[in-house]
Amino acid sequence: PDNTRATIDTDFQDIFALCYEGGVRLLIEEGKYSQIDLLPLFEPLEGHHAKAFFAFLNHKAVFDSALQLSCRDNLDGNQWRKRRGFPVHTSSIDLSEKKSQIGKAVSEYFKSEGRGGACTVEYYDRGKLHYFLAYPEDYSQSYLHYESGVLKRGHHSQAFEVVFIYDAELGAVDIYFNGGGDTVKALQAIFAKEAFVIDHLPPNKQKAYNLDAVKYPKFQFKLRPEWGIASVTITQLGIFRWVGKEPRQIIIKCGNNAHSESIYKELDLIAPYYSMDGRPARSTVEPFFARIKVEYY
């Protein structure tokens, strides 16, 4: 039946969202928070799909939590912004009590855009990381759909996502919002005020990451033997290439083989070491995003 099939389709999408190495690791970590050791249960299962499916069928609460916390991997990486300047080590503050205040403030902010009438916030405490997942109400929309084979028009208000991930050791907050930079700054201010009663964040003079060195192929990560890391590979690189007075955003991917060399070959074509044929010199481009793959011994 249509209703049953629609539910199964949704379940399959959720299961597929955790069918990767990081998703399985999240399931194992979330199992520990629920006093469930999934490692021996996963051992006889082959592949990430089987493990995610097993957790969905047998430990749904663990699965649901891991699905929520997979937002850092599954949401668009280009829409995340990191902001330093928040308090460090706030064990004396019960952040779980702040979710209602944050929800009300986020709702009030988006009401000026004609949305945000309701906002639910879910909170997860995971050691040094504190997750606040906000779901403000979006604009009401009409849509066509089928009910038992009959075409009908309905109306609904979807939710959109605003995610705050507070790192208590770094004193930094990662914010996900699919929108402009001015709104992200406003959301940073909302989180500072509602979570820590900070009316004015200090100037953000220091970049969260200094990526300038990664635009050169001689760059190498400095690894220590005790870390147990075999290799670090840059798999994606985002750069700003200035065209006149306007920055142009370019994302370079290394392909299926995951070798950094292909990143730099592509970068040589876009921005050679010296300006030529109208192409800017390497020194003038500005990296703003890098995705890396870490392999352990």
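Throughout this document, residue positions are counted from 1 along each chain, in the order its sequence is written. Local features are withheld for residues below a pLDDT of 70 in this predicted model, meaning they are given only at 70 or higher, and side-chain atom pairs are given and counted only at 80 or more; totals for whole chains, interfaces and linings count all residues. Side-chain figures throughout are based on the complete set of non-hydrogen atoms in the structure, without hydrogens or water.

A. Expanded view of the packing of aromatic side chains. Note on aromatic pairs: the rings of Phe, Tyr and Trp (six-membered ring only in Trp) are paired at centre separations within 6.5 Å, and the planes decide the class, stacked below 30 degrees, edge-to-face beyond 60, tilted for the rest. The tally for this structure, following the rule as stated, stands at 18 aromatic pairs. Ring plane angle 35 degrees and centroid distance 5.7 Å describe the contact between Phe-110 and Phe-177, whose orientation is recorded as tilted. In this pair, Phe-110 is assigned in helix 7 (residues 99–111) and Phe-177 in the loop between strand 6 (172–176) and helix 8 (181–196), connecting sequence segments 67 residues apart. Residue Phe-110 is classed as buried on the basis of its relative accessible area of 0%. Strands are runs of DSSP state E lasting at least 2 residues, helices are runs of H or I lasting at least 4, and numbering of each runs from the N terminus. Accessible area is worked out with a 1.4 Å probe on protein chains only. A residue is then buried under 20% of its type maximum, exposed over 50%, and partly exposed in between.

B. The confidence of the model for the protein, seen in detail. Scored from 0 to 100, pLDDT records how confident the predictor is in each individual residue. Here the protein averages 87 in pLDDT, while 95% of its residues score no lower than 70. The lowest-confidence element of the protein is strand 8 (residues 246–253), averaging 79 in pLDDT; the highest-confidence one is helix 4 (residues 47–58), averaging 96.

C. Quick peek at helix 8. Over its 16 residues, helix 8 runs 22 Å from end to end, which matches the ideal 22 Å to within 8%, given 1.5 Å per residue. Within helix 8, burial applies to Thr-183, Val-184, Ala-186, Leu-187, Gln-188, Ile-190, Phe-191, Ala-192, Glu-194, Ala-195 and Phe-196. Residues of helix 8 that are buried sit in contact with strand 1 (80–84), helix 7, strand 3 (129–147), strand 5 (162–167) and strand 6. Following helix 8 by one or two positions, Val-197 adopts a phi angle in the positive range, close to 55 degrees. Expected helix span is computed as 1.5 Å times (number of residues minus one). Whether two residues are in contact is decided by their heavy atoms, any of which lying within 4.5 Å being enough.

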